[in-house]
Amino acid sequence: MPRKYTRVSKRRVGYLVGMKTWTVKGALALVLGLACMNVLQAKEGMWIPTLLKVVEGDMQAMGLKLTAEDIYSINHSSLKDAVVHFNGGCTAEMVSAEGLLLTNHHCGYGQIQQHSTVENDLLTNGFWAMTREAELPNPDLTCTFIDRIEDVTLQLSRACVGLAGEAREKRMQEEMEAIVKRATAGKGLEGRVVAFDFGNSHYLITSRVFRDVRLVGAPPSAVGKFGGDTDNWVWPRHTGDFSAFRIYADADNNPADYSADNVPYAPVHHFPVNVDGVKDGDFTMVFGFPGRTEQYLTSDAVEHVITRLNPMRIAMRDEGLAVINAARASSDALRIAYAAKQSSVANAWKKWKGQNRGLTELHALDKKRALEARLKAATGSAVVEDLGALNAAYFPFLEARALFIELTYYGPDLLNYAHGFSGLIEGAVEGEKRDQLLAKLRANEAGFRKDFDAQVDEQLLGRLVDEYLEWIPVDLTPEGLRQEVSKAGGGPAWSAKVFGKSVFDNADAMKKLLASGNAKAWGKLVKDPVYIWIENLRAHYFAQIAPEYGRLRGEIELASGAYTKALRRAFPEEVFPVDANSTLRLTYGKVEGSAPYDGMQYNPLSTARGILQKHVPGDPDFDMPERLVELLEARDYGGYANEEGELVVCFTGSNHTTGGNSGSPALDAHGHLVGINFDRSWESTMSDILFDGSRCRNIMVDIRYVLWVMDVFAGAGHLVEEMTLVTQEGGTE
């Protein structure tokens, strides 16, 4: 039966409003011209929480019922205390006073997969812990809460007065370390100083990291990944992309390693859940940890993305996906083993395709060139020409780096597995450190073999190395690789030779080696061809590619900082938002659809009717559990339907998001949870480089569908019972 709840009209809970003196010193350099923003401009930008006072009036004009202090406060409980950096790559949100959090299904996918076997397939069947004891621990999974964000630009500048070059860099690093130490010592906090806007400003960010995080619930992949690769980056969407975890702490509510004695964490704030949901035109905020945007690439860099960088990365992943998809279709064991890898490889692959399409359709190059010409005419600055000269030298190293990553991190798993033994093979570690490394390798062995298939890995290496050699500049190719592959007759034949003479893919042989710990036996592996080639690839990259890439990247950062500074000085009436950098940001907009192409009109809401319309029994992307079909056909929506009697599944908004915002809370005008961000539309994938308010839309799973899946479909209503359910009868405050 659906969960019962008390309807609380216009309720505000969980945070106190405390006023303090606020200054915009330093902020104006980042957001000049905000006072004259129009509604379209307001949708662009990922705003640093400490600077929200500057945009508070604009947000309130769009419908916000809170203050900047309600959203981010260092003196009182605020919305930021319920936002979680989930495992360093996604975002999550606290939804109960007992440590319960929600994030995306794809953010928890690796953990769900790790707990899955052919006999107990959580990916296919889903998982719901009906008791606290049934919740599943996840080694190495972390959840991070932001304690404080503080502008330290002036402190660093004063410390480095009169210094330049290496002396300045050294003094800067010393001062940053001192700032972090003062802020964290004896307080149970972690800290770092982060550069913003290409080093034009620096912020100290202190945080609290929890290490005991347990899987509580996940829908079947047919719900959590409904639509699969077909619907990925596409609207309309009907995906229940969510999972539930619980943070545990010690008896004093502090972070602790996993222990059966730990207790559910009591957060400073958790989001009330608005069961009335959203409608077209409602104000929305997305609060999370967006990864990286590149809004200030110059025209030559954008052209390189379109014509060279994205095509090479897409081509590499075409080859990898061909192997992985065929393997997953061949058996249930391989379907599970390569589920997380396939998802990771396919996600960016499809994004890059959409990004190129969007940049071309929106005439990104023309717009970039026009802005650069305006800057030149207004100031006479040569900063764009400086960037162009640096980029010309940089692009080959950027390409070589991208190809190295595609081959060694998204390719065959055996390469990095073999590299993990380098300390033993080379004799670089001895005594206690050697014993610790050996213990770690023994502990990791079963997990590696569980998700490893030698035939799949061999095919990946063969196809990827051929594609790699097609793209890598000749003078940046690892020594001997091109010749050896050619002599063997191509990548597949070369890969078969490498694998055929290796022991790393032999589970029994490695088990014996790990059990014996024989130093002489380890030493012999220095001649193993898999080990030889991963070490060659790495040595070449770190000696020939990484140093020059890093040097040029640093010079480009400095020149880019000069570029953004020049833009803000030349055009003070315009808005130039700061790029995302994996730190906490807030973006705001409204629930709204779009019309990206002639004759096309996207509505902002999708409903359960669309799930049934897409349902294709037996299809890997569009099949569904029989019980889900029965409930939807019966329109058994419990108490979670909207005023029209429909179960809303997903909705789109004009919030500026990117990777890292996956799992971010979608909040209404009162700071109540109305959804979970998980994607962008296909027409929006260029927004990391060029944001267009008329067509860029983020995609969120509606919280009512999340609750319905938990409660009505899965029978896990006890989780809904934990939450603070609120309504807003009669409209917003």
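Cut-offs used in this document
Residues numbered from 1 in each chain as written. Predicted model: local features only at pLDDT ≥ 70, side-chain atom pairs only at ≥ 80, totals over all residues. Heavy atoms only, no water. Helix = DSSP H or I, 4+ residues; strand = E, 2+ residues; numbered from the N terminus. Rg over C-alpha atoms; globule rule 2.2 N^0.38 Å. Buried < 20%, exposed > 50% of the residue type's maximum accessible area, 1.4 Å probe, protein only. Contact = heavy atoms within 4.5 Å. Areas by Shrake-Rupley, 256 points an atom, 1.4 Å probe, with all protein chains shown as cover. Lys, Arg positive; Asp, Glu negative; His and termini not counted. Charge placed at Lys NZ, Arg CZ, Asp CG, Glu CD. pLDDT = per-residue confidence, 0-100. Axes fitted to C-alpha atoms, helices over the stretch in contact; angles between N-to-C directions. Parallel < 35°, antiparallel > 145°, perpendicular 65-115°, else oblique. Left-handed = near helix turned anticlockwise from the far one by under 90°. Nonpolar A, V, L, I, M, F, W, Y, C, P; charged D, E, K, R; others polar. Phe/Tyr/Trp six-rings, centres within 6.5 Å; stacked < 30°, edge-to-face > 60°. Disulfide = S-S within 2.5 Å. Pairing = 2+ DSSP bridges. Core = buried A, V, L, I, M, F, W, Y, C linked by side-chain atoms within 4.5 Å. Expected span 1.5 Å × (residues − 1).

(A) Structural view of the overall build of the protein. Counting its regular elements, the protein contains 28 helices and 20 strands. Here the protein has a C-alpha radius of gyration of 26 Å; the compact-globule value for 733 residues is 27 Å, and the two agree. Seen along its three principal axes, the alpha-carbon backbone of the protein occupies a region of about 75 × 65 × 60 Å. Buried positions account for 58% of the 733 residues belonging to the protein. Pairs at least 24 residues apart make up 79% of the contacts formed inside the protein by residues separated by at least 6 positions. A total of about 29,600 Å² of accessible surface is found on the protein, and carbon and sulfur atoms cover 51% of it. Averaging the coordinates of the 78 positive side-chain charges in the protein and doing the same for the 96 negative ones gives two points 3 Å apart.

(B) Main features of unusual backbone geometry. Omega for the bond connecting Trp235 with Pro236 falls within 30 degrees of zero, at 5°, which places this linkage in the cis form. Assignment of secondary structure puts Pro236 in the loop between α10 (228–231) and β10 (243–249). Although it is not a glycine, His363 sits at a positive phi angle of roughly 55°. Summarising the element assignment, His363 is placed in the loop between α13 (339–361) and α14 (364–379). Given a relative accessible area of 48%, His363 falls into the partly exposed group. Positive phi values are uncommon outside glycine, yet Ser582 reaches one of about 70°. With respect to the helices and strands, Ser582 occurs in the loop between α24 (529–570) and β14 (585–590). A relative accessible area of 24% places Ser582 in the partly exposed class.

(C) Looking closely at the confidence of the model for the protein. Residues at a pLDDT of 70 or more form 93% of the protein, whose mean pLDDT is 92. Between residues 1–42, whose pLDDT stays under 50, and residues either more than four places distant or in other chains, the model counts 110 contacts.

(D) Spotlight on the packing of helix α11 (residues 299–330) against α13. Relative orientation of the contacting elements α11 and α13 amounts to 150°, with a least axis distance of 9 Å. Judged by the angle between their axes, α11 and α13 are roughly antiparallel. The interaxial crossing formed by α11 with α13 has left-handed handedness. Among the residues forming the contact of α11 with α13, the class breakdown is 14 nonpolar, 7 polar and 6 charged.

(E) A look at the packing of aromatic side chains. Enumeration according to the criterion identifies 23 aromatic pairs in this entry. With a centroid separation of 5.1 Å and an interplanar angle of 70°, the aromatic rings of Tyr417 and Phe421 are classed as edge-to-face. Consider the rings of Tyr417 and Phe504, whose centres lie 6.2 Å apart with planes at 85°: the pair is edge-to-face. Separated by 87 residues along the polypeptide, Tyr417 in helix α16 (residues 413–419) and Phe504 in the loop between α21 (491–500) and α22 (507–516) bring together distant segments of the chain. This pair shows no difference in class: Tyr417 is buried, exactly as Phe504 is.

(F) Quick look at the state of the cysteines. Under the defined criterion, the tally for this structure stands at 1 disulfide. The side chain of Cys90 participates in a disulfide bridge whose partner is Cys107; the two sulfur atoms lie 2.2 Å from each other. In this structure, the disulfide formed by Cys90 and Cys107 twists by about -85° around the S-S bond and is classed as left-handed. Note that Cys90 is positioned in strand β2 (residues 90–94) and Cys107 in the loop between β3 (100–103) and α5 (109–114), a separation of 17 residues in sequence. Just as Cys90 is buried, Cys107 falls in that class too. Free cysteine Cys650: the closest other cysteine sulfur is in Cys107, separated by 15 Å. Free cysteine: Cys696, not disulfide-bonded; nearest cysteine sulfur from Cys650 at 19 Å. Exposure remark for Cys696: the relative accessible area of 2% places this residue in the buried category.

(G) Just the pairing of strand β13 (residues 283–288), in detail. Across the 6 residues of β13, 6 count as buried, placing the element largely inside the fold. The alternating pattern of β13 places Phe283, Met285 and Phe287 on one face and Thr284, Val286 and Gly288 on the opposite face, and all of these are buried. Bridge count between β13 and β14: 6 bridges; the pairing is antiparallel. Opposite Val286, over in β14, you have Thr587 as the bridge partner. Where β13 lies against strand β17 (residues 665–667), 2 bridges are found, and the strand directions are antiparallel. Directly across from Val286, in β17, lies its bridge partner Ala666.

(H) Spatial organisation of the side chain of Arg697. Residue position: Arg697 is located in the loop between β18 (673–680) and β19 (698–702). Of the residues examined, Arg697 reaches a relative accessible area of 5% and is grouped as buried.

(I) Representation of the nonpolar core within the structure. The biggest cluster of nonpolar side chains holds 105 residues, and the ones touching the most others in it are Tyr705, Trp708 and Met710. Here this core gets 9 residues from one element, more than from any other, and that element is helix α27 (residues 703–713). Discounting chain neighbours no more than four positions away, the residues touching Trp708 are Leu628, Leu631, Leu632, Asp636, Tyr637, Gly638, Tyr640, Leu647 and Phe713. Counting residues in hydrophobic clusters, the runner-up holds 97 residues, among them Ala402, Phe452, Ile472 and Leu552.

(J) Helix α8 (residues 165–184), seen in detail. Taking 1.5 Å per residue as the helical rise, α8 with its 20 residues ought to reach 28 Å, and the 29 Å between its terminal C-alpha atoms agrees with that figure. On its buried face, α8 is in contact with α7 (153–159), β7 (190–196) and β8 (201–210). Positive phi shows up at Gly186, right after α8, with a value of about 70°.

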